[in-house]
Amino acid sequence: MARKIVAFSAGKTNGNTETYIKIALEEARKMGCEVELIRLNSCDLRPCKACLNMPCMAKGPAGCILKDDGAWLAEKFLECDGFLLGSPVWALGPAGVVSDFRDRIFGPKTDVAGKELYGEPEWVKGRPQYRPGALISVGGALTENWTALGLPTLYTVTFSAQINIIDHMNVTAVADPGEALTRKDYVLRAKYLGQNLAYAVNHPEIDWTKKYLGETPEEEACPGCHSSLLIAKPGRNYVECAICGRKGYITMPDGKIRYEWPEDNGDRLTVQGKFKHMREIAYHHDAIFAPIKDTVTEEYEYYKKLNDFIVRPPKKDA
């Protein structure tokens, strides 16, 4: 049976993002993969309500109080062997539906560290959550600083379910309808991305964690996620990758910035990194907040009842 790649597009119907996705999927199909494309903007997908009891944790997206296409999208993800996500860049980052997609379909309920610690949720039904993936970010701006949060935000969708990104594209200066096809360099890049993803999908015997098949230009600083979005603070001699969290030490031979990246198995692109994060949350709850929780009980009740200035939207007619 052919292995399946499911692509999710946050762009316009037949827009530039969708064009690059179709180019990639066509190449993957030539390599024997079954392919599907889902237009997120054609789905009924409402924002997460952050329920206190979080029914989706035990029952999965089907247990969500919002009865929309969320459960269907989760099923499409779980049945795929390879994952492709693409979005246009709007205000420095991807379209808002990407955040809704991440919050409703992924997050803690699909966290592989939780699966390892507490067992696999029944709703997963034995379907693997580790799979290779690829990302496509498409911006109309001429410079990368206007698309700086495109790929990083797309990456946040992939963390919890351990989608191992083996290739990604950061497109600039492609804005008008059809313009995607005028950039033959990006067309070729999309073909390579589709081939790389298909290769990874067709070789499940390989552990694709932190293996990258895409181009690795020297100007990208982080060797883990192949990005240059870094956190740099005064007084430090190191930076932190804003995507994967690994630490790199700054050097300046010949007056030019260079980084040394010690091997770090605790970053977010690994299951070990997710374990570390879960332990941080548990430590915060048990050691920091729990001992002082009772000191704010009365004050918390006051603010919970302080609702006289809340404005509610008018009810829609039935």
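This text goes with the structure placed above it.
Residues numbered from 1 in each chain as written. Predicted model: local features only at pLDDT ≥ 70, side-chain atom pairs only at ≥ 80, totals over all residues. Heavy atoms only, no water.

Caption draft 1: Spotlight on the side chain of H226. In this structure, H226 sits in the loop between α7 (184–201) and β6 (230–231). There is a polar contact of 3.4 Å between the side chain of H226 and the backbone oxygen of P223. (Helix = DSSP H or I, 4+ residues; strand = E, 2+ residues; numbered from the N terminus. Polar contact = N/O pair within 3.5 Å; in protein donor to acceptor, adjacent residues only side chain to side chain.)

Caption draft 2: Representation of the side chain of E18. Looking at the secondary structure, you find E18 in helix α1 (residues 16–30). Among the residues examined, E18 registers a relative accessible area of 0% and is labelled buried. Within the structure, the side chain of E18 is placed 3.2 Å from the backbone nitrogen of N14, a separation counted as a polar contact. Leaving out residues up to four positions away in the same chain, E18 has contacts with S9, K12, T13, L37 and R39. (Buried < 20%, exposed > 50% of the residue type's maximum accessible area, 1.4 Å probe, protein only. Contact = heavy atoms within 4.5 Å.)

Caption draft 3: Broad picture of unusual backbone geometry. At A50, a residue that is not glycine, the phi angle is positive and equals roughly 55°. Following the sequence through the fold, A50 ends up in the loop between β2 (34–39) and α2 (55–59). Residue classification places A50 among the exposed residues on the basis of a relative accessible area of 58%. Non-glycine residue L92 carries a positive phi angle of around 70°.

Caption draft 4: Inspection of the packing of α1 against α7 at higher detail. Contact geometry for α1 and α7: axes closest at 7 Å, N-to-C directions at 45°. In terms of orientation, α1 and α7 fall into the oblique class. The handedness of the crossing between α1 and α7 comes out as right-handed. Two secondary-structure elements touch here, α1 through Y20, I23, A24, E27 and A28 and α7 through Y186, V187, A190, K191, L193, G194, Q195 and A198. Of the residues in the contact of α1 with α7, the class split is nine nonpolar, two polar and two charged. (Axes fitted to C-alpha atoms, helices over the stretch in contact; angles between N-to-C directions. Parallel < 35°, antiparallel > 145°, perpendicular 65-115°, else oblique. Left-handed = near helix turned anticlockwise from the far one by under 90°. Nonpolar A, V, L, I, M, F, W, Y, C, P; charged D, E, K, R; others polar.)

Caption draft 5: Representation of the sheet that holds β6 within the structure. Spatially, the four strands line up as an open sheet ordered β6-β7-β8-β9, and their pairing is antiparallel. The sheet is open, and its two borders are formed by β6 and β9 (258–260), each paired with just one other strand. Bridge analysis of strand β8 (residues 247–251) against β9 gives three bridges, and the strand direction is antiparallel. Note that in β9 the partner of T251 across the bridge is R258. (Pairing = 2+ DSSP bridges.)

Caption draft 6: Structural view of the sheet that holds strand β5 (residues 163–171). A sheet is described by the order of its strands in space; here five strands give the open sequence β2-β1-β3-β4-β5, paired in parallel fashion. Sheet topology places β2 and β5 at the edges, where each strand pairs with a single neighbour. Ignoring which end each strand starts from, the neighbouring axes of this sheet average 15° apart. Two strands pair when backbone bridges link them, and strand β1 (residues 4–9) and β2 are joined in this way by six bridges, in the parallel orientation. Bridge pairing in β2 places F8 opposite I38. Here helix α6 (residues 150–158) sits on the sheet and contacts β3 (82–88), β4 (131–138) and β5; the angle it forms with β4, its principal contact strand, is near 155°.

Taken by themselves, the reported measurements are silent on function.
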